[in-house]
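# Structural overview for review
Residues per chain are reported as follows:
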Amino acid sequence: MIKVFINLFLLLFIAEVFAQLKPESFDLTSDKNFLSKITASNPTSNSILDIVTIGDEVWLGTSRGVSVSYDRGGNWTNFYGTSPFGDDNISALAYNKYDGSIWTATATSVPGPGGGDVPKGTGLKFTTDNGLTWSSVPQPVDHPDSSVVIFGENV
């Protein structure tokens, strides 16, 4: 009998440890039908494009902006929806060890000529004070007098 209780206790304990957590908020009434769990204690996206670690800091470049943890992932600061990021995603994230700056390349999706969406760069953002303030650089583009060089065959 004691063996049954011990097995039952272990089964319930294991089920509790591996149980999924319920979402903190959700909206199934709109036409988008999605679950959302955006809090200051979590990165805002599960799609990570770049990861930069600097000591205890973890910087993530995601489809929903930049997220940073200053305590090895314990707590997160998210820059999605803030100036200068808005709702752009991050297409690249880099750390300059010589001046301590963090640089990001941002992009958004726009309708393409074939009916699908294509990425469009929206510029560069950088911080020299660990994310307290951010500066923007306009999207770099080719000079109007640039020539086009075709490589390979375009059929």
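Everything below is about the structure shown above.
No experiment lies behind these values; they were computed from the predicted model shown.

On inspection of all chains with the given rule, the structure shows six aromatic pairs. Relative to W134, the ring of W59 has its centre 6.3 Å away and its plane inclined at 75°; by these criteria the two rings are edge-to-face. In this pair, W59 is assigned in strand β4 (residues 57-62) and W134 in the loop between β9 (117-127) and β10 (135-137), connecting sequence segments 75 residues apart. The pair formed by W59 and W134 is uniform in burial state, with each residue classed as buried. Here F85 and W134 contribute two aromatic rings whose centre-to-centre distance is 4.9 Å and whose plane-to-plane angle is 80°, an arrangement assigned as edge-to-face. Here the residue F85 occupies a position in the loop between β6 (77-78) and β7 (89-96), and W134 occupies one in the loop between β9 and β10, the gap between them amounting to 49 residues. Judged on exposure class, the residue F85 and its partner W134 are both buried. An aromatic cluster is defined as three or more aromatic residues linked by ring pairs; in this entry it consists of W59, Y70, F79, F85 and W134.

Time to look at the pairing of strand β8 (residues 101-111). As paired elements, β7 and β8 share seven bridges and run antiparallel to each other. Counted as the bridge partner of L93 is T104 from β8. Direction of pairing for β8 relative to β9: antiparallel, over a ladder of 10 bridges. Bridged to P111 within β9 is D117.

Moving on: the sheet that holds strand β5 (residues 65-69). The strand order β3-β4-β5-β6 describes an open sheet built from four strands, whose pairing is antiparallel. A single partner strand is all that each edge strand has here, and the edge strands are β3 (48-54) and β6. With two bridges connecting them, β5 and β6 associate as antiparallel partners. Opposite S67, over in β6, you have N78 as the bridge partner.

Below, the discussion takes up the side chain of S69. Relative to the assigned elements, S69 resides in strand β5. Within the structure, the side chain of S69 is placed 2.9 Å from the side chain of D71, a separation counted as a polar contact. Beyond its immediate chain neighbours, meaning those up to four positions away, S69 contacts D56, E57, V58, G74, N75 and W76.

A word on the sheet that holds β8. Spatial ordering of the open sheet is given by β7-β8-β9-β10, a layout of four strands whose pairing is antiparallel. Edge positions in the sheet fall to β7 and β10, since each of these pairs with one other strand and no more. The sheet shows a mean angle of 30° between the axes of neighbouring strands, direction not considered.

Rules and cut-offs
- Residues numbered from 1 in each chain as written.
- Predicted model: local features only at pLDDT ≥ 70, side-chain atom pairs only at ≥ 80, totals over all residues.
- Heavy atoms only, no water.
- Phe/Tyr/Trp six-rings, centres within 6.5 Å; stacked < 30°, edge-to-face > 60°.
- Helix = DSSP H or I, 4+ residues; strand = E, 2+ residues; numbered from the N terminus.
- Buried < 20%, exposed > 50% of the residue type's maximum accessible area, 1.4 Å probe, protein only.
- Pairing = 2+ DSSP bridges.
- Polar contact = N/O pair within 3.5 Å; in protein donor to acceptor, adjacent residues only side chain to side chain.
- Contact = heavy atoms within 4.5 Å.
- Axes fitted to C-alpha atoms, helices over the stretch in contact; angles between N-to-C directions.

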